[in-house]
Amino acid sequence: MEEFCKMLPKVELHAHINGSVSESTIEKLVATKQKLDHQFSFKKGSTATLKECFEKFRLIHQLTDNVDAVYQVTYDVIQEFCDDNVRYLELRSTPREVTETGMTKELYVDAVLRAIRDCEAENLDIEVKLLLAIDRRNGVQVGQDTVKLAQKFRESHPDLVVGIDLSGDPSVGDGRDFIPVFKEAKDFGLKLALHLCEVPALQETMDLLCLPPDRIGHGTCLHPEAGGTQEFVDTVLTHKTPLELCLTSNLIGQTVPDLDNHQFKFWYEKQHPCIICTDDKGVFSTSLTEEYQLAAVTFDLSPNDLWRLSLDSMNYAFCEEHLKEKLREKWKAAKPGME
Ligand code: 6MZ
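Computed from a predicted structure; not experimentally measured. (Residues numbered from 1 in each chain as written. Predicted model: local features only at pLDDT ≥ 70, side-chain atom pairs only at ≥ 80, totals over all residues.)

1. Let's talk about unusual backbone geometry
Phi is mostly negative for residues that are not glycine, and the peptide bonds are mostly trans.
Logical step 1: Residue Leu211 is joined to Pro212 through a cis peptide bond whose omega torsion reads -15°.
Logical step 2: Turning to its location among the elements, Pro212 is positioned in the loop between helix H8 (202–209) and strand E6 (215–218).
Logical step 3: Of note in this structure, Ser285 is not a glycine but carries a positive phi near 45°.
Logical step 4: Residue placement: Ser285 occurs in the loop between strand E8 (274–276) and helix H12 (288–299).
Logical step 5: The phi angle at Asp300 is positive, at roughly 55°, despite the residue not being glycine.
Logical step 6: Position of Asp300 among the secondary structure elements: in the loop between H12 and helix H13 (303–313). (Helix = DSSP H or I, 4+ residues; strand = E, 2+ residues; numbered from the N terminus.)

2. Brief notes about the environment of Thr101
Logical step 1: Within the element layout of this structure, Thr101 appears in the loop between strand E2 (86–93) and helix H5 (105–121).
Logical step 2: Here Thr101 falls in the exposed class, since 12 other C-beta atoms lie within 10 Å of it.
Logical step 3: With residues near it in sequence (within four places) discarded, Thr101 still touches Asp65 and Asn66. (Buried ≥ 20, exposed ≤ 12 C-beta atoms within 10 Å, placed from the backbone. Contact = placed C-beta atoms within 7 Å.)

3. So, the sheet that holds E6
Logical step 1: Ordered by their spatial adjacency, eight strands build an open sheet running E1-E2-E3-E4-E5-E6-E7-E8, and the pairing between neighbours is parallel. Single-partner strands in this sheet number two, and they are strand E1 (10–16) and E8. Taken over all neighbouring pairs, the strand axes of this sheet differ in orientation by 25° on average, direction set aside. (Pairing = 2+ DSSP bridges. Axes fitted to C-alpha atoms, helices over the stretch in contact; angles between N-to-C directions.)

4. Observations regarding the nonpolar core
Logical step 1: Counting 92 residues, the largest nonpolar core has Ile78, Leu89, Val112, Ile164 and Leu245 as its most contacted members.
Logical step 2: Discounting chain neighbours no more than four positions away, the residues touching Ile78 are Leu89, Ala115, Ile116, Cys119, Ile126 and Val128. (Core = buried A, V, L, I, M, F, W, Y, C linked by C-beta atoms within 7 Å.)

5. Section: helix H6 (residues 139–156)
Because an α-helix completes one turn every 3.6 residues, residues spaced three or four positions apart along the sequence face the same direction.
Logical step 1: Relative to the 26 Å expected for 18 residues at 1.5 Å per residue, H6 spans 26 Å between its end C-alpha atoms, a close match to the ideal helical length.
Logical step 2: Within H6, the full set of buried residues consists of Gly143, Thr146, Val147, Ala150 and Phe153. What you see down the axis of H6 is that its buried residues fit within an arc of 135°, all on one side. The exposed residues of H6 that point more than 90 degrees off its buried face are Gln141, Glu155 and Ser156.
Logical step 3: Buried residues along H6 sit in contact with H5, strand E3 (127–135), strand E4 (161–167) and helix H7 (179–187). (Expected span 1.5 Å × (residues − 1). Arc of directions from axis to C-beta.)

6. Observations regarding the pairing of E1
Logical step 1: With seven of seven residues buried, E1 is to be regarded as a mostly interior element.
Logical step 2: For E1 and E2, the ladder comprises five bridges, and the chain directions are parallel. Within E2, the residue paired with Ala15 across the bridge is Leu91.

7. Description of the packing of helix H4 (residues 67–83) against H5
To describe two helices that pack against each other, one gives the angle between their axes and the distance between the axes.
Logical step 1: Put simply, H4 and H5 touch, their axes get as near as 8 Å, and they point 35° apart. Considering only the axes of H4 and H5, their crossing is right-handed. Judged by residue contacts, Val67, Val70, Tyr71, Thr74, Tyr75 and Ile78 of H4 engage Leu107, Tyr108, Ala111, Val112, Arg114, Ala115, Ile116, Asp118 and Cys119 from H5.
Logical step 2: Looking at side-chain class alone, the contact of H4 with H5 contains 12 nonpolar, one polar and two charged residues. (Left-handed = near helix turned anticlockwise from the far one by under 90°. Nonpolar A, V, L, I, M, F, W, Y, C, P; charged D, E, K, R; others polar.)

Set out below in structure tokens:
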């Protein structure tokens, strides 16, 4: 099964750049700093609180405080996903400014896009797109600025900048405050991938679900057994909003009690669009191959089921239909006879 999951062409639709940074990239970056001696990722099988997960991002951000580091991380993350046979990758990242190093948010996004373009120029067997992330901790004005930035870079890179993400500590703020910002993004043709109900959030969820977003990140607590409501479930089913599901992330962050009770089962049994993703492959010491393996073992999925899950994920990508069509050929070539 391990070999099958590795060779399977895969689609990654939920990967935060700074959470995806590998140990080898960390080593390169630490070498440029003095006196940084931290544990940047969780060991396999460990658990943490979500607060502790967010503390890791803060540490990594100290390493990626300049454009060279942002470029390096993005470049390495793309290469690593490609080595893992990910053939279509949507990265997301929160533009950051750091006065001491002269990094502005524009320079941040520029560094990410340069890394994507450089990988493209190397003819890697992977297609990469970018979503700009709004960190809910930073408030609506920053959200507004992020959408403006996305609009600007979409004009110069229409083939790369495809959407907006809402992420950050789910226990902070009210997602409803961002609704006008999301509507503006949508009007401009940007897609919406929103972290929703990663923890129980009865107040904001319904209004955000009704936008509707183009995809939901996690949705851990949407269904009644996990603290959600039947109304949430019905709304997601009505809109057919795909779910980006990250098993190891939810397990380590303890937003699910155990994998048997992961929301994947609930939605997959309803034949609802489910996409297996890594979230933060560096911080959670995983890979997309491992996430597929974990899904196979936990939910008793056959190679044919996995092949179908992976191929169907292409349907929910934020790219042009002709690119999806072209990429689907890779699945047919990888496993003839599977339908
Ligand atoms: C919510 C998350 C997250 O943007 O600096 N992020 N937000 N829930 C999660 N589940 C564990 N994992 C990552 O990548 C790091 C940022 O992504 C968001 C957080 O805002 C984090 O600071 P970038 O590339």
